[in-house]
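The lines below spell out each chain.
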Amino acid sequence: MTDSRMNPEAPPTPDHVTIYAKDYEPPKWWVRHVDLDCDLSADKARIRATLNVEKNGSHDRPLVLAGDGLKPLTVQVDGADAQWTLEGDNLLIELSGEAHEIATTVEFDPSANSQLMGLYASGGLLCTQCESEGFRRITFHPDRPDVLSTYSVTMHADAKAYPILLANGNKVSEGIGEDGRHWARWEDPFPKPSYLFAMVAGDLSANSGAFTTMSGREVELNIWVREKDLPLTHHALQALKDSMKWDEEVYGREYDLDLFNIVAVDDFNFGAMENKGLNIFNSRYVLADSETATDQDFDAIAGVVAHEYFHNWSGNRVTCRDWFQLSLKEGFTVFRDQCFSQDHNSEAVKRIEDVRLLRAIQFPEDSGPLAHPVRPDSYIEISNFYTATVYNKGAELIRMMRTILGEKDFRKGSDLYFERHDGQAVTCEDFVKAMEDASGKDLAQFRLWYSQAGTPTVRAHVDASGSGAVLKLQQDIPDTPGQKDKQPMAIPLKMALLSRQSGAELVEERTVMLGEAEQTVTFEDIAEADPILSINRDFSAPIILESDRDDEELAALARVDGNAFARYEALQELNLRALLPVIRGETVMDASKVIAAFDATLSDERLDDAFKAEAIMIPSEAMIGEKLATIDPDKVHAARQALGHEVGKGLTEKLEQMYGRERPAGDDLSVAAKGQRALSNQLLGLIASGDPAKGARLAKAQYDGARNMTERQGALTVLVSLDGAERGAALEDFYNRFKDQGLVLDKWFGLQARAERDDTMDAVEKLAEHPDFTLKNPNRLRALLVNFASNQWVFHHASGRGYDLLARMVIEADKLNPQVAARLVPPLGRWRRYTDARAKLMRAALQRIEQADGLSKDVFEQVSKSLG
Ligand code: PHE
Ligand code: ZN
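Residues numbered from 1 in each chain as written. Chains lettered and ligands numbered in written order. Predicted model: local features only at pLDDT ≥ 70, side-chain atom pairs only at ≥ 80, totals over all residues.

In the nomenclature of an unreviewed UniProt entry, the chain corresponds to Aminopeptidase N from the organism Sphingomicrobium sediminis. According to the UniProt record, the Catalytic activity (unreviewed entry) comment for the chain reads "Release of an N-terminal amino acid, Xaa-|-Yaa- from a peptide, amide or arylamide. Xaa is preferably Ala, but may be most amino acids including Pro (slow action). When a terminal hydrophobic residue is followed by a prolyl residue, the two may be released as an intact Xaa-Pro dipeptide." Taken directly from UniProt, the Cofactor (unreviewed entry) text for the chain runs: "Zn(2+)". (UniProt positions renumbered as here; feature names shortened; annotations may be inferred.)

Peer 1: Can you walk me through the sheet that holds strand β30 (residues 532-535) in this structure?
Peer 2: By definition, the strands of a sheet pair up through backbone hydrogen bonds, in either a parallel or an antiparallel sense. The strand order β28-β27-β30 describes an open sheet built from three strands, whose pairing is antiparallel. Among the strands making up the open sheet, the edge pair consists of β28 (505-514) and β30. Sheet twist, expressed as the mean angle between neighbouring strand axes with direction ignored, is 25 degrees. Note that strand β27 (residues 491-498) and β28 share seven bridges and pair antiparallel. Counted as the bridge partner of Ile491 is Leu514 from β28. (Pairing = 2+ DSSP bridges. Helix = DSSP H or I, 4+ residues; strand = E, 2+ residues; numbered from the N terminus. Axes fitted to C-alpha atoms, helices over the stretch in contact; angles between N-to-C directions.)

Peer 1: Quick question: what am I supposed to make of the pairing of strand β14 (residues 170-176) here?
Peer 2: Within a regular strand, side chains alternate between the sheet's two faces. Counting buried positions along β14 yields zero of seven residues, so the element is predominantly exposed. Pairing of β14 with strand β15 (residues 181-192) involves six bridges; the strand directions are antiparallel. If you follow Lys171 over to β15, its bridge partner there is Trp186. (Buried ≥ 20, exposed ≤ 12 C-beta atoms within 10 Å, placed from the backbone.)

Peer 1: When you look at the site of ligand 1 in this model, what are you seeing that I'm missing?
Peer 2: Every residue near ligand 1 is listed here: Gln129, Glu131, Asn269, Phe270, Ala272, Met273, Glu274, His307, Glu308, His311, Glu330 and Tyr386. Elements supplying a minimum of two residues to the shell around ligand 1: β20 (272-273) and α2 (295-310). Tallied by class, residues from the shell around ligand 1 come to four nonpolar, four polar and four charged. (Near = placed C-beta within 6 Å. Nonpolar A, V, L, I, M, F, W, Y, C, P; charged D, E, K, R; others polar.)

Peer 1: Is there a simple way to explain the confidence of the model for the chain in this structure?
Peer 2: Close inspection of predicted coordinates is inappropriate in any region flagged by low pLDDT. Averaged over every residue, the pLDDT of the chain is 97; residues scoring 70 or more account for 98%. Every residue in residues 1-14 scores below 50 in pLDDT, and together they form five contacts with partners more than four places removed in sequence or on other chains. The ipTM value of the predicted complex is 0.98, and its pTM value is 0.98. (pLDDT = per-residue confidence, 0-100. Contact = placed C-beta atoms within 7 Å.)

Peer 1: How do you make sense of helix α22 (residues 778-790) when you look at a structure like this?
Peer 2: Because an α-helix completes one turn every 3.6 residues, residues spaced three or four positions apart along the sequence face the same direction. Helix length check: α22 (13 residues) gives 17 Å between terminal C-alpha atoms against 18 Å at 1.5 Å per residue, within 8%. Counting buried positions along α22 yields 11 of 13 residues, so the element is predominantly enclosed. Those residues of α22 that fall on the buried side of the exposure criterion are Pro778, Asn779, Arg780, Leu781, Arg782, Ala783, Leu784, Leu785, Asn787, Phe788 and Ala789. (Expected span 1.5 Å × (residues − 1).)

Peer 1: Teacher, can you tell me more about the nonpolar core here?
Peer 2: Within soluble globular proteins, side chains that are nonpolar tend to cluster in buried spots. Residues Val200, Val263 and Leu806 are the most contacted members of the largest nonpolar core, which totals 250 residues. With 11 residues, the single largest contributor to this core is helix α10 (residues 564-583). Ignoring any residue separated from it by four or fewer positions in sequence, one finds Val263 in contact with Cys127, Leu166, Val200, Leu204, Trp224, Leu278, Ile280 and Phe281. (Core = buried A, V, L, I, M, F, W, Y, C linked by C-beta atoms within 7 Å.)

Peer 1: Looking at this structure, I do not really get the packing of helix α5 (residues 388-405) against helix α6 (residues 407-421). What am I missing?
Peer 2: When two helices pack together, their arrangement is given by the angle between their axes and by how far apart the axes lie. Two numbers describe how α5 lies on α6: the axes approach to 6 Å, and their chain directions differ by 125 degrees. By the angle between their axes, α5 is oblique relative to α6. Taken as a pair, α5 and α6 cross one another with a handedness that is right-handed. Side by side, α5 and α6 meet where Met401, Arg402 and Leu405 of the first sit next to Glu407, Asp409, Phe410 and Gly413 of the second. Across the contact of α5 with α6, the residue classes tally to three nonpolar, one polar and three charged. (Parallel < 35°, antiparallel > 145°, perpendicular 65-115°, else oblique. Left-handed = near helix turned anticlockwise from the far one by under 90°.)

Peer 1: Any chance you could explain helix α4 (residues 347-366) here in plain terms?
Peer 2: For α4, spanning 20 residues, the distance from its first C-alpha to its last is 26 Å, which sits close to the expected 28 Å at 1.5 Å a residue. The sharpest bend along α4 measures roughly 35 degrees and falls at Arg359. Of all the 20 residues making up α4, 14 are buried; the element is thus mostly covered by neighbouring parts of the structure. (Bend = angle between axes of the 7 residues up to and from the residue.)

Peer 1: Would you take a moment to explain the packing of helix α16 (residues 671-690) against helix α18 (residues 709-719) for this structure?
Peer 2: Packing of α16 against α18 leaves a shortest axis separation of 10 Å and a crossing angle of 20 degrees. With respect to α18, the axis of α16 lies roughly parallel. As for how α16 packs across α18, the hand of that crossing is right-handed. Facing α16, whose interface residues are Arg677, Asn681, Leu684, Gly685 and Ala688, α18 presents Thr710, Glu711, Gly714 and Val718. For the contact of α16 with α18, the per-class residue count stands at three nonpolar, four polar and two charged.

Peer 1: Could you clarify how one ought to interpret the UniProt feature "domain: Peptidase M1 membrane alanine aminopeptidase" (unreviewed entry) in the chain in this entry?
Peer 2: What UniProt calls "domain: Peptidase M1 membrane alanine aminopeptidase" (unreviewed entry) maps, in this numbering, to residues 236-446. Between the C-alpha atoms that bound residues 236-446 the distance is 37 Å, and the span itself is 55% helix and 9% strand.

Peer 1: Looking at this model, I keep getting lost on the sheet that holds strand β11 (residues 125-129). Mind explaining?
Peer 2: Judged by pairing direction, the sheet is antiparallel, and its four strands sit side by side in the order β10-β11-β16-β13 without closing on themselves. The open sheet is flanked by β10 (118-122) and β13 (164-167), the only strands paired with a single partner. Neighbour to neighbour, the strand axes of the sheet diverge by 15 degrees on average, direction disregarded. In this sheet, β11 lies alongside β10 in antiparallel orientation, the contact comprising five bridges. Looking at β11, one finds that Gly118 is bridged to Gln129.

Next comes the structure, spelled out in structure tokens:
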């Protein structure tokens, strides 16, 4: 065999080619039905696929079936051995007629599959992951989302090692074979793209339940795990039932099969996968009890279960035409799961959490070298585009459309979308069009949100004189890689004008549409001369707001604004105003306004604990860094520490008094109990910032008396950044208690990687050598490395040791699992934002990765774009 990579005369390897959205062409051949016969064992899988193909239109092009690392053992057309060629990894077959039956056989070793794409082994199970392009690692197939087929799947495996055999759809028959083997046949009646294919074989037990749909059909529900994990599955099962009900009530969407299976696996590249009727989950988003999972973990499980379930309509019944449309299913589905969680928790607090996440991850992405539109124009490796921009900014776009249309018309729009496109593979444009058609509203300018990258900055200023007020708005969209001189966007801004004294709305809440680069809005007859602007309420648009409101106005908003999100925002802004001048060296820390505002917030009896917990969080170092043209991590850290110290000292009494309140029962998962624990942990953090010795004592006592993981982890989070004997003792105890529980051990790695200490760098280097550390398990890898790389002050150690370690780990991990390795690169890509010495070291680390042998296209894309 010849390998073009070894021949200098040959054209460059086809590996690193860029795919463009504008080059989309419909498939030349449809595949109407796929029949798979799978003979499975840990180190050998034999897959015989029979595809019923049909020519699309008239042409004389061959059938091209994608493969990845496969060799065909047999290729038959209509029952006879056929001519074929391999072009790279793809199988080409010349066909003479309009419709044919193509049969291929391949063999491979699932236990050798460290990429966790295709069919792989995890903890004694065999399972699949096909999105985006994993099906081609199982069999030859067009493997593009606009080719939809029905599937029938027969699985054969050893009955002892793999007593449970699962695939999409319904089990139609099963039987005993020879030599201790057995088989099961599954059929999925709904045509689906190959990325939704799944099968699982293993020794699994189910926590089973049932759900009666709105039309009275009974659906069997199963959460499949190892037997010992069964007690940890109740929360996930309940979340599934809640999700099914919610989608009926809020979107009128009913489940369509008679069976819904979820399987938990320990080795998984992302969070979970919405395979039709057979969701496969990273076990961290299934398994929980109050001893081992925090309240946050419980909420994340409910959110992910809901997300994957909601995909059954937004993703499976209506899918994506091509991968550039990824946000069609992901943005919409994230929006849906966010609303589900808002409905099951404190609405304002969930919104605050989502915005915090957007700012921490998506804003930096949008302002860096990997910035891309919600609907990207090109990619080298699509796996790199499962980003906060496609997911979370994508969700913001859907939310803005709901704001613009109103809830009723938005629902009409989604009904129309599902009705029009059920069973189809469509585009983001189709979604917007349905919203337009259902509402009669013109969304022409709004579409720019899909195509223009970068976070808009909006400047807002109010002139109040006499009896009226004028709101002046300006917008500015930054240049991003490949995109310059952008057009003004359609930005919905929820706003009100408030009385300084009472917070009463002098101008009632309304949505102002900012569409021009500059715009003014006039309000007449306002009862007070000097109203305060409350704007971007509920974070109605994903923008950076700049306003010239003074500290007094912000303090007033923090106290009286009727919009909880706006109160939170005013507090954040007050924090930044205390921090930024200190970081710039313009002044010393003056925490008085933050202290007063926190004090007022903590005393306000109308506010719930969950909100207070968010409100007294000092912005993270990453978030502060976003506000700076050039980041000096030492200065950011010092200023943030100083503010925490002042606030902790200034509010000692109140913090301790509130911290001392009685705690809810250990296993009480009510919204109120979760809020109380969240607040209590934040209070502890601030107490420790003010007085580390006292903080250590209290935290150790909380750790020792912990009745659940929220209390335990909350205490340890504080302890890990402190000195003293308590720290080591608690860490050791935690390790000994949980060393056999992988998901909890991940926390142990993560907590230490997040510690704000000057020896964390040493600790992380040591932990990377720890016998329990492995690059093979994505959760473990992320626990140490993602936490470490987001620990700004530690990762950006002036020596460059942090960059070295990360680069080394990327190169190592890339040999096993390119997808996961590539996701470690973005922190290094931020080099332009750092002071010179660090920028140089970061670039050098990227260059080292770039020069590594046999780099995957995943890492190649991230590194080459980061170097720019
Ligand atoms: N489609 C999955 C989700 O968002 C994410 C995913 C992508 C999982 C690729 C695995 C691989 O629900
Ligand atoms: Zn999704």
